[in-house]
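Summary of structural features
Here are the chains, one letter per residue:
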Amino acid sequence: MAEFVKVANVSEVPDPGKTLVEVDGEMVALFHVDGQWHAIDDVCTHDGGPLADGELRNHTISCPRHGAKFDIRTGAALTMPAIRPTRAHDVKVEGATVFVRLREEPGSAGPAAHALPIQATGTAGSAQVAASVPAAATPGAATASATAAASPAAGQPLCEDAVRELLKDVKDPELFVNIVDLGLIYGVTLSPAADTGGKQHVAIDMTMTSPACPAGPQLIGDTKRVLAAHPEVSAVEVRIVMDPPWTPDRMTEAARDQLGIF
Ligand code: FES
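Structure report, in brief. (Residues numbered from 1 in each chain as written. Predicted model: local features only at pLDDT ≥ 70, side-chain atom pairs only at ≥ 80, totals over all residues.)

1. Some details on the sheet that holds strand 7 (residues 69-71)
Taking strand neighbours across the sheet as the criterion, the 3 strands line up as 5-6-7 in an open arrangement whose pairing is antiparallel. One side of each edge strand has no neighbouring strand; the edge strands of this open sheet are strand 5 (55-57) and strand 7. On average, each strand axis in the sheet is inclined to that of its neighbour by 25°, with strand direction left out of account. When strand 6 (residues 60-62) meets strand 7, the two strands line up antiparallel, connected through 3 bridges. Bridged to Ser 62 within strand 7 is Lys 69. (Pairing = 2+ DSSP bridges. Helix = DSSP H or I, 4+ residues; strand = E, 2+ residues; numbered from the N terminus. Axes fitted to C-alpha atoms, helices over the stretch in contact; angles between N-to-C directions.)

Listed below in structure tokens is the structure:
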């Protein structure tokens, strides 16, 4: 187990207050609230934002990048887009000196205040990726997170509204919320396909909650499968667009209800 390391003098951090300290080569956000001391990794689990630079309110720190909130006592992720806890550490005060000891596991202080599962992590930046698949080459079987056959829109004439309705069958495998209500669909473009008997080419502009979202390949694949199953679709193209970046306010009220965000 790691040793306690001296990180600050009590007088250096007001109550309430916060500071950034280094412990065994790692950057840690140190908090002083209501006479108590807390320490968590200076890393937002959404996309690496510097938590010590965020706004502190009571026992909650807001990531300065996209606004995810964390409980400074446990490291629990309280709001989207972070859903995985950051690591909380042990703190002790002896005399006028504050010590921190690194823990190994995130959330080892106790039960997380927010019960959402795993989350996407990545690095800041933007990217654009295009991928296209002919409808005929797409396997008919959908994965567990895409259930095209269940959608009433599968039998409707193809239009933008029908496409968006179909895409509600594609769910983020970690959040269990569909990609339309998550606000990941930036655009739907339909264009007639040549020599395909009136079928249409469908292009989807889709974003991710973070540039390196691990669910990305699955969401792209499920999107193609769901749309390609429609009889009027000749081919599906999915373009990943990171500009403008996704923010939680793109979620619908239904998604917020589902995630317990108020
Ligand atoms: S990096 Fe913290 S909310 Fe996105």
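Back to the text.
2. What to know about the sheet that holds strand 8 (residues 88-94)
Strand order in the open sheet made by the 6 strands is 1-9-8-4-3-2, with antiparallel pairing throughout. Among the strands making up the open sheet, the edge pair consists of strand 1 (5-9) and strand 2 (17-23). Mean inter-strand twist for the sheet, computed between neighbouring axes without regard to direction, equals 30°. Examined bridge by bridge, strand 2 and strand 3 (residues 26-33) share 7 bridges and lie antiparallel to one another.

3. Thoughts on the nonpolar core
Ranked by size, the top nonpolar core spans 62 residues in total, and within it Ala 29, Leu 30, Leu 51, Phe 70, Ala 82 and Leu 227 carry the most contacts. Residue-level mapping places this core at the junction of two domains, with at least three residues from each of domain 1 (5-101) and domain 2 (128-259). Excluding anything up to four places from it in sequence, Leu 51 contacts Ala 29, Ile 40, Asp 42, Val 43, Cys 44, Ile 61, Cys 63, Phe 70 and Thr 86. (Core = buried A, V, L, I, M, F, W, Y, C linked by C-beta atoms within 7 Å. Buried ≥ 20, exposed ≤ 12 C-beta atoms within 10 Å, placed from the backbone. Domains from an automatic or database assignment. Contact = placed C-beta atoms within 7 Å.)

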